[in-house]
Each structure stands twice: as structure tokens, then as C-alpha cells.
Amino acid sequence: MNSKLQHDLDNFENILEKTKQQGIDFLSNINNIPTSTTYSFDPKTALNELGLGSIEALKEFNERLAPLMVSSSGPRYWGFVTGGSTPASIVGDWLASVYDQNTQSVTSQGGNSALIEFETINLLLQLLELPDTFLGGFVTGATMSNFTSLAVARQWFGKQYGKDFAKNGISETINILTATPHSSSIKSLSMLGIGSQNYTVIKTIEGNREALDITDLEEKIKALNGKPFILISSAGTVNTADFDDFEAIAKLREKYNFWWHIDGAFGGFAAVSEKYKHYVKGWEGADSITIDCHKWLNVPYESAFYLVKKEHVNLQIETFQNSNAPYLGNPLENFNYLNVLPENSRRLRALPVWFSLKAYGKEGFIDLIEDSTALALHFANALIENDFELLAPIRLNNVCFTLKGEHNQEKVTPFLSALNDTGKVFMTPTVYQNKKGIRASFVNWRTNEEDIRIVIKEMKDLLEII
Ligand SMILES: *Cc1c(COP(=O)(O)O)cnc(C)c1O
């Protein structure tokens, strides 16, 4: 063994102890750590001939790299829909590295830790009140979940023409209908060879909505003259957290032949609360659903899952099977994750989620979801009182707003830039209905009313000088 490795092995406990202490220092100070930094360095150093060992590497990290660390898992990082890391999720995440399992199989002698993933998906189905007619698995993020789901949809589409696209490539024009897809669905269309421009846009409901207009959807379906199609629908659009009408879509499925995908990256968690579950009523009829865990479930990156109806498992295996050998036996009995999703090797991504669900239970997440939505409303009210205007009503946890008055449109970008520079808060720019806007998304478990007070004060101060 290399001497530096040997030295680290002999000092493992001390190394982990120091790392733990560093974690505690960061996490206990997270409210004061800025949400942005101007720190930078030339990202090149010579590779050491002789290693430093972990403790010295940690020192160098702390001197050169650690100043880049912003409080993206802290309470005032409201850009992008960014969750945080709860204590239980960190336990699971750390242990996933410690145990470093091969999570492919549920039956293999080389390890069957995929059973943990089965159990975790089952817990998630209970949390979201979805039936166990879905088979799920963990991927890095909602982008990969959309990709996985739409890849199975692509295979389904080929089958409607008696073709196997996974084997022979795409030989038919794939019809995609969607109203307000997330950019990652469009990226998935590009990665899947369908084409990022090859989709038909459904009108949205009139009156400041991002949800699809059912009448227009049905007209566009009729224009396809009975041809199959894939519908990409939304449970929570990023700008305004709008939801398509899933009960109406479910009715259309009785008449027309299509694959129904729902992107519920964060909005799917509406299902957890009695107050908001009406938004997702009927969603169990979908063929596939995307949900992110590193957003509202507050586990560290990278964590999301897909749900695909069990009845499609053969299409899924045709799409992702890792060898040309025919799949032997019942795929649900002889199950291996490497045959149903893009990656072969994966970490034990289920573990942070398993710990979170066990540690906080259903009530923990009901409270988290309802606290977030209450804070969004609270922030929105404070904005209205302070010379800002909402660009959309608050449906859930996202606040889309701008500076009041047409003449202030040109100030939106410098205002946001100066606000983010304070390091007190981070929000993302957006354009909504041709207006420059700002988006704040509430999903972090630590955020409270004091954070809103701090941010509103910064915003008021800036308004006076910008
Ligand atoms: C965040 C988000 C995505 C992309 O998720 P990643 O986890 O960043 O890959 C997709 N769809 C919606 C609706 C989202 O909010």
C-alpha cells in the first residue's frame, strides 16, 4: 500500500473526526454564511508527486476552495427551487459513502441493497398517496427522471407502430404535446433523438395561467387523426407553480391513445398536504411521474426518482437493458436496476431519503410543505406592501414578482444583481409574460419569518438607491 494511503488508514478516525467537526462548524453557522461570493482562484494546481494525505489536503481545501462554499442549503437561498439537507438526510448521505454499496440488484450474492431502494420508493408512494402500481428508482435529478420516463415513452410510441426504437432507432415522427414544459424535458427530447424543437405547444388557460387548456389539447389531439402521442404535463411549473388538470387529462385517456408523463419535480409534494392535494387529483392515472428529492424533500444533491407504471416494465427493460441477451424470467422477480435506468453503477441514493422519511414521518413533511407555502404567502404580502408587484398569484411555494411599474422594468436586472450581491439572499431572474421578473422559491426546512424580515429590509434599502 502507498505510504500516504497507509498513513490515512492508520489515522482514519482522526480524519473523520476533523471532517465531522468541519461539517458541524459549517452547519451551525449556516445562517450567517453568505448566499453568494466574489471569491475566485485560478483553478489549476500542479498534481503532487507525493500525496499530501487527507489532513493536509483538508487544510489546502480550507485555504483555497472552501471560501467558494455559499449557503446554498441555508434558509435564504431561494433561487432555482433549492432544498437543504436535514440532519437525517446527512446521516443517510454520509452512510451511503461509508457503505459504498453496489445498488443494482435485489437478489445478488454480491449485495442486494437495492431492497433499500424498493422500500424507500414504497415509503415515498405512501407519502405521496400514490398506488403501488408504479415501479420507481433513484436518479440524479428531475432532469434524469424526465429523461428516463420519456425514454420509456419513446419505446412505447414505437410499439404503437410495431417498431422497436431501442433496437433499430427512431423511424417514425414522435408526436409530443405539452404546454409549459420545464427546460429539462426539452433537453431530454434532444438527448433522446426526438429533437428539442419537435413538440406541439398546447395553449395555456387564459387569465395568467401556465396550465394547459384542455379544449386546445383535445383539438390538437384530434388534429393527429388517431395517431399516438406523448403528453408532457406539469405538476408545478417553475415560475408560478401551476398544475395541469389531471382529472380532465385522465378523462381524455379514455378516448385517446397516449403516454402521459407528469413532471412534478417539486409540485408533486402538494399531494402531502390536505390543503393542496387537490392540485394533483387524478395524477395516479399517469404512465410516468418525475419527482425531485433534493428540492422539497430536503436531501442533499443528487436525488430524484421516477415512477413508471409496472405494466410498462418490459418497455423499460427494452430501453435500458444492459446486454443484448434476452431478459430471463419475470423481470419483477429477477430485478436489477441496471436494466431499467440510464446508469449501471450508482451510489445508494435511497439512503438519505429513507432516513428522512423514517426520522420525520408523514407529519414532518406535511409541516415542511405547509410552512413553506405559508412563508411564500407571507413574503408575497410583504412585497405588495413595499412597492413590488406579483406577476402571478401564489398557488403553492413560488413567488414570481417584479418591481412595480412599467418604467422600472429596466431596473429589475440591476436590482436583483445588487440584491444577490448582498449575500443575504439568493433569487433567480425570470421572464414571465414578457416581463422581467424575479423568482423566490420556498422549500428549505430552515427558512422562517425572520428570514423574510431580513430579506425585505435588504430589498427596501436597495430600492432607495437603485
Ligand atoms: C428543478 C426542476 C427540474 C430539473 O430538476 P434537476 O433536479 O435540476 O435535474 C425539472 N422539472 C421541474 C418542474 C423542476 O422544478
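Whatever comes next refers back to the structure up there.
Worth saying up front: this structure is predicted, and the values here are computed from it rather than measured. (Residues numbered from 1 in each chain as written. Predicted model: local features only at pLDDT ≥ 70, side-chain atom pairs only at ≥ 80, totals over all residues. Heavy atoms only, no water.)

Asks: How do you make sense of the sheet that holds strand β8 (residues 388-390) when you look at a structure like this?
Replies: Spatial strand order, β8-β9-β11-β10: 4 strands in an open sheet with antiparallel pairing. Two strands lie at the open edges of the sheet, namely β8 and β10 (428-432), each paired on one side alone. Going across the sheet, the axis of each strand differs from the next one's by a mean of 45°, ignoring polarity. Relative to strand β11 (residues 435-441), β10 is paired through 5 bridges, and the arrangement is antiparallel. Across the sheet, the residue bridging to Val431 is Lys436, located in β11. Sitting on the sheet, helix α13 (residues 412-421) is in contact with β8, β9 (398-403), β10 and β11, with an inclination near 25° to β11. (Pairing = 2+ DSSP bridges. Helix = DSSP H or I, 4+ residues; strand = E, 2+ residues; numbered from the N terminus. Axes fitted to C-alpha atoms, helices over the stretch in contact; angles between N-to-C directions. Contact = heavy atoms within 4.5 Å.)

Asks: Whenever I open this one, the nonpolar core confuses me. Can you help?
Replies: Most often, soluble globular proteins have nonpolar side chains that are buried together. Judged by nonpolar contacts, the single largest core of 87 residues is most densely connected at Trp283 and Leu297. Among the elements that take part in this core, helix α6 (residues 142-159) stands out by supplying 7 residues, more than any other. Filtering out sequence-adjacent residues up to four positions away, Leu297 remains in contact with Leu124, Leu127, Phe269, Val353, Leu357 and Phe365. Of all hydrophobic cores here, the second largest spans 25 residues; its members include Ala380, Val399, Phe415 and Leu416. (Core = buried A, V, L, I, M, F, W, Y, C linked by side-chain atoms within 4.5 Å. Buried < 20%, exposed > 50% of the residue type's maximum accessible area, 1.4 Å probe, protein only.)

Asks: Mind showing me how you'd approach the site of the ligand here?
Replies: Close to the ligand lie 14 residues; Thr143, Asp263, Asp292, His294 and Lys295 are nearest. Interatomic distance of 3.0 Å between a backbone N/O atom of Ala142 and an oxygen atom of the ligand. About the coverage of the ligand: the protein hides 85% of its 380 Å² of free accessible area. Top contributing element to the shell around the ligand by residue count: α6, with 3 residues. In the shell around the ligand, the residues fall into 4 nonpolar, 7 polar and 3 charged. (Near = heavy atom within 4 Å. Polar contact = N/O pair within 3.5 Å; in protein donor to acceptor, adjacent residues only side chain to side chain. Areas by Shrake-Rupley, 256 points an atom, 1.4 Å probe, with all protein chains shown as cover. Nonpolar A, V, L, I, M, F, W, Y, C, P; charged D, E, K, R; others polar.)

Asks: I keep staring at the sheet that holds strand β3 (residues 200-201) and nothing clicks. Help me out?
Replies: Sheet strands pair via backbone hydrogen bonds, and the direction of the pair is either parallel or antiparallel. Spatially, the 7 strands line up as an open sheet ordered β1-β7-β6-β5-β4-β2-β3, and their pairing is mixed. In this open sheet, the two edge strands, each paired with only one partner strand, are β1 (134-139) and β3. Here β1 pairs with strand β7 (residues 304-309) via 6 bridges, running antiparallel. For Gly136, the partnering residue across the bridge sits in β7 and is Leu307.

Asks: Mind showing me how you'd approach the pairing of strand β6 (residues 288-292) here?
Replies: Along any regular strand the residues' side chains alternate between the sheet's two faces. Of all 5 residues that make up β6, 5 are buried, and the element is covered over most of its length. Neither face of β6 is exposed, since Ser288, Thr290 and Asp292 on one face and Ile289 and Ile291 on the opposite face are all buried. Bridge count for strand β5 (residues 258-263) against β6 is 3 bridges, and the pairing is parallel. When the sheet's bridge partners are listed, Asp263 is paired in β6 with Thr290. Pairing between β6 and β7: 5 bridges, direction antiparallel. Of the residues in β7, the one forming a bridge with Asp292 is Ala304.

Asks: Whenever I open this one, the side chain of Asp164 confuses me. Can you help?
Replies: By secondary structure assignment, the location of Asp164 is in the loop between α6 and α7 (165-168). Judged by its relative accessible area of 16%, Asp164 falls in the buried class. A polar contact of 2.8 Å, which involves the side chain of Asp164, links it to the side chain of Gln155. Look past the residues within four positions of Asp164 in its chain and what remains in contact with it is Gln155 and Gly169.

Asks: Got a minute to help me understand the packing of helix α4 (residues 87-99) against helix α12 (residues 350-384) in this structure?
Replies: In helix packing, the relevant descriptors are the interaxial angle and the interaxial distance, both defined with respect to the helix axes. Where α4 contacts α12, the axes come no closer than 7 Å and their chain directions differ by 150°. In terms of axis orientation, α4 runs roughly antiparallel to α12. In this structure, α4 crosses over α12, and the sense of that crossing is right-handed. Where α4 abuts α12, its residues Pro87, Ala88, Ser89, Val91, Gly92, Asp93, Leu95 and Ala96 lie against Leu351, Pro352, Phe355, Ser356, Ala359 and Tyr360. Class assignment of the residues belonging to the contact of α4 with α12 gives a composition of 10 nonpolar, 3 polar and 1 charged. (Parallel < 35°, antiparallel > 145°, perpendicular 65-115°, else oblique. Left-handed = near helix turned anticlockwise from the far one by under 90°.)

Asks: Just to check I follow, could you spell out a nonpolar patch on the surface for this structure?
Replies: Residues Met1, Leu5, Leu9, Phe12 and Leu16 make up a contiguous nonpolar surface patch of roughly 560 Å² in combined accessible area. The set of elements that each furnish at least two residues to the nonpolar patch consists of α1 (3-10) and α2 (12-28). Along the chain, Met1 falls in the segment before α1. You can call Met1 exposed: its relative accessible area is 68%. (Patch = residues over 30% accessible without salt bridge, like charges linked within 9 Å, V, L, I, M, F, W, Y side chains within 5 Å. Salt bridge = Lys/Arg side-chain N within 4 Å of Asp/Glu carboxyl O.)

Asks: Even after reading the chapter, I still don't get helix α10 (residues 246-255), so can you show me in this structure?
Replies: Here α10 has its buried residues at Phe246, Ala248, Ile249 and Leu252. Taken end-on, α10 shows its buried residues confined to a sector of 155°, consistent with a single buried face. Of the exposed residues in α10, those oriented more than 90 degrees away from the buried face are Lys251 and Glu254. The inward-facing, buried residues of α10 abut α9 (214-223), β4 (229-234) and β5. Where α10 begins, one side-chain oxygen reaches toward the backbone nitrogen of Glu247, 3.2 Å away; that side chain belongs to Asp245. (Arc of directions from axis to C-beta.)

Treat this as a map of the structure, not an account of what it does.
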